[in-house]
Amino acid sequence: MEKVELLNGSSSYSSAGGDQTKSLNSIEADRSFEEYCDENSRLVELNNGSSCAGGIEEIGSSGEEPQSGGKNIAFVQPNNHRRSDEPTELSFEKFPENHEEKLKRIQIENALDDSHTTQDEWRKFAKSEYGLINDDLRRKVWPLLVGVDPKLVDPAPSLEELNSHPEYNQVVLDVNRSLKRFPPGIPYEQRVALQDQLTVLILRVIIKYPHLKYYQGYHDVAITFLLVVGEEVAFHVMEILSTNHLVECMQETMEPTQRRLMFIYPLVRRESAALCDYLERSTVGTLFALPWYLTWFGHSLNSYRSVVRLYDYFLASDFLLPIYVTSAIVLYRQNEIFQEDCDMASLHCLLSQLPEDLPFEYLLKNAAELYRKYPPKLIEKDVENMIAKEKQQRLKEERDRERRKAHSVAKPGGNSFINRMFPNLPLTRRSVFVTTAFSILVGFCAYYYRAHLMPLSAIR
């Protein structure tokens, strides 16, 4: 066991080694996320020549943006060569405090010194502008938001104690692919230790709760808590989130998650029917938002500062807030959407790439307003109505197909030679009968001629 000093100043233990073979035995949830990646790549290829498929012209040395049909292409330029299943490289750039952030930091520090500070007060701090300001404060407040006492945590087991779990290989594979989510420039030994800690953290949760199924993207959530609060506290935070906020994502199939993503369209429609109609007409669906919801945007954002700010808000909010934030982002980008071609590949490509300059404080306020105006129970009814209409439409289409098929089979002479030769000839039962009788008579005459008259002509 090796003691490692984490970024937040706390100490944690990790063991190196262990069999890290890469053969998979993924569950249904894993396959669904991989299907998302495959489908995303397919749509990118379909959209060949657009900004998402590597068809962007680079901004010239003069700093002027190239023109491409009047579309704003600078938004998606940074990620245009990234695979759909590849995490973005996280920027840990730090910014100096402004005056408002400094005042709020002092308020939070005073609240930490006050033993009577309630959980509601911590939620207000987390949800209000600037969130919890920095990771030193998050390390203390995040556990309080979910009711975890950092003094009463269980020690972490070694990696060797957990490597027999059936999901071990899949977890290791995902952790190894998450190197870009670790701070740059950290020593190799510390990075390896953090990877081992992340693997242990994830396995501890799914071992303790065997009815919960690991999904690809879960590690993106876990790594954020590991970096901020340390391995032992992160386990208790993750077990609470896994049995509450993320529980629908950890089922046998992705069906509950897909149903939640259906909330996006009713929310958008209630604010902009024209935008919703445009999206529905393109058949873009909700696939673009799947990694946002599964990872709390941790997989898709380039800025660590933005990721932890969103985590401040989500920890203090209803579990559906990521859906409301997603809807707020779609509404915010509606001008870009209307400028894009109305087809699935183009719009999926645009929406799946998050701009680097999204104003998250503004978007969080908009999401909170959407939640106030359209609470989940109301949107759930919209979703049920939408599902019922889709079901009725499918039944109608099925009945129409069966009716056309039955009509084709029952139509007199529908498959006859005459019908094929003269498709526009109006046929009735009487005409078919006469035609058939005439055909039989002609055939009989031909037979009689061949059998009786042709031999006589040969004798002559």
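Refer to the structure presented above.
No experiment lies behind these values; they were computed from the predicted model shown.

Novice: Please clarify how the overall build of the chain should be interpreted in this entry.
Specialist: Along the chain, the regular secondary structure elements total 20 helices and two strands. Put simply, the chain has 460 residues, and 46% of those count as buried. Pairs at least 24 apart in sequence give 77% of the contacts found in the chain among residues at least 6 apart. Carbon and sulfur atoms make up 53% of the accessible area of the chain, which amounts to about 24,200 Å² in all.

Novice: Before we go on, may I ask you to explain the packing of aromatic side chains in this structure?
Specialist: By convention here, two paired aromatic rings are described through the distance between centres and the angle between planes. In this structure the tally under the stated criterion is 14 aromatic pairs. Judged by centre distance (5.9 Å) and plane angle (45 degrees), the rings of Trp122 and Phe125 are tilted. Linking Trp122 with Phe125, this pair stays in helix H3 (residues 119-127), spanning three residues, or about one helical turn. As far as the burial class goes, Trp122 and Phe125 line up, both buried. A connected cluster of aromatic rings, assembled from ring pairs, spans Trp142, Phe225, Phe288, Trp292, Trp296, Phe297, Tyr311 and Phe314. Positioned above the aromatic ring of Tyr313 is the side chain of Lys127, whose terminal nitrogen or guanidinium carbon lies 5.8 Å from the ring centre.

Novice: Please explain helix H13 (residues 304-315) as it appears in this structure.
Specialist: Note: α-helices contain 3.6 residues per turn, so residues at a spacing of three or four share the same orientation. Relative to the 16 Å expected for twelve residues at 1.5 Å per residue, H13 spans 16 Å between its end C-alpha atoms, a close match to the ideal helical length. Among the twelve residues of H13, eleven are classified as buried, and the element is accordingly described as predominantly covered. Taken residue by residue, H13 has Tyr304, Ser306, Val307, Val308, Arg309, Leu310, Tyr311, Asp312, Tyr313, Phe314 and Leu315 as its buried positions.

Novice: I keep staring at unusual backbone geometry and nothing clicks. Help me out?
Specialist: When glycine is set aside, most residues are seen to have a negative phi, and most peptide bonds are trans. Positioned with a positive phi, Thr283 is a non-glycine residue whose angle comes to about 60 degrees. Topologically, Thr283 is positioned in the loop between helix H11 (273-282) and helix H12 (290-295). Among the residues examined, Thr283 registers a relative accessible area of 52% and is labelled exposed. At Phe297, a residue that is not glycine, the phi angle is positive and equals roughly 70 degrees. By the secondary structure assignment, Phe297 is in the loop between H12 and H13.

Novice: Looking at this structure, I do not really get the packing of helix H10 (residues 264-271) against H11. What am I missing?
Specialist: Packed helix pairs are specified by the crossing angle of their axes together with the interaxial distance, meaning the distance between the axes. Across the interface, H10 lies against H11 with an axial gap of 6 Å and an inter-helix angle of 140 degrees. The angle between H10 and H11 places the two elements in the oblique class. Counting all contacts with H10, which are made through Tyr265, Val268, Arg269 and Glu271, the residues of H11 involved are Ala273, Leu275, Cys276, Asp277, Leu279 and Glu280. For the contact of H10 with H11, the class distribution of residues is six nonpolar, no polar and four charged.

Novice: What is the right way to look at the environment of Glu232 in this model?
Specialist: Turning to its location among the elements, Glu232 is positioned in helix H8 (residues 231-242). Given a relative accessible area of 29%, Glu232 falls into the partly exposed group. Among all residues touching Glu232, those that are not within four sequence positions of it are Val153, Asp154, Pro155 and Ala156.

Novice: What's the story with helix H14 (residues 321-332) in this structure? I'm lost.
Specialist: In this model, H14 (twelve residues) spans 16 Å end to end at C-alpha, consistent with the 16 Å of a helix rising 1.5 Å per residue. When you tally the buried positions in H14, you get eleven out of twelve residues, the bulk of the element. Taken together, the buried positions of H14 are Leu321, Pro322, Ile323, Tyr324, Val325, Thr326, Ser327, Ala328, Ile329, Val330 and Leu331.

Novice: Where do I start with the packing of helix H6 (residues 188-208) against helix H7 (residues 218-229) in this structure?
Specialist: Direction vectors running N to C along H6 and H7 enclose 115 degrees, while the axes themselves pass 10 Å from each other. Between H6 and H7 lies a crossing whose hand is right-handed. Residues Leu194, Gln197, Leu198, Leu201, Ile202 and Val205 of H6 lie in contact with H7, whose contacting residues are Tyr218, His219, Ala222, Ile223, Leu226 and Leu227. Residues that form the contact of H6 with H7 fall into these classes: ten nonpolar, two polar and no charged.

Novice: Help me understand the pattern of salt bridges, please; the structure alone is not making it clear to me.
Specialist: Between side chains of opposite charge, a pair can form when the charged atoms approach closely. Summed over the entire model, instances satisfying the criterion amount to 22 salt bridges. In this structure, the salt-bridge partner of Glu101 is Arg305, at a minimum N-O distance of 3.1 Å. Of this pair, Glu101 sits in helix H2 (residues 99-113) while Arg305 sits in helix H13, placing them 204 residues apart in sequence. A residue is classified by how much of its surface remains accessible, and Glu101, at 6% relative accessible area, is buried. The salt bridge involving Asp277 is made with Arg269; its shortest N-O contact spans 2.7 Å.

Conventions adopted
- Residues numbered from 1 in each chain as written.
- Predicted model: local features only at pLDDT ≥ 70, side-chain atom pairs only at ≥ 80, totals over all residues.
- Heavy atoms only, no water.
- Helix = DSSP H or I, 4+ residues; strand = E, 2+ residues; numbered from the N terminus.
- Buried < 20%, exposed > 50% of the residue type's maximum accessible area, 1.4 Å probe, protein only.
- Contact = heavy atoms within 4.5 Å.
- Areas by Shrake-Rupley, 256 points an atom, 1.4 Å probe, with all protein chains shown as cover.
- Phe/Tyr/Trp six-rings, centres within 6.5 Å; stacked < 30°, edge-to-face > 60°.
- Lys NZ or Arg CZ within 6 Å of the ring centre and 35° of its normal.
- Expected span 1.5 Å × (residues − 1).
- Axes fitted to C-alpha atoms, helices over the stretch in contact; angles between N-to-C directions.
- Parallel < 35°, antiparallel > 145°, perpendicular 65-115°, else oblique.
- Nonpolar A, V, L, I, M, F, W, Y, C, P; charged D, E, K, R; others polar.
- Left-handed = near helix turned anticlockwise from the far one by under 90°.
- Salt bridge = Lys/Arg side-chain N within 4 Å of Asp/Glu carboxyl O.

These results come straight from atomic positions and should not be treated as a statement about function.
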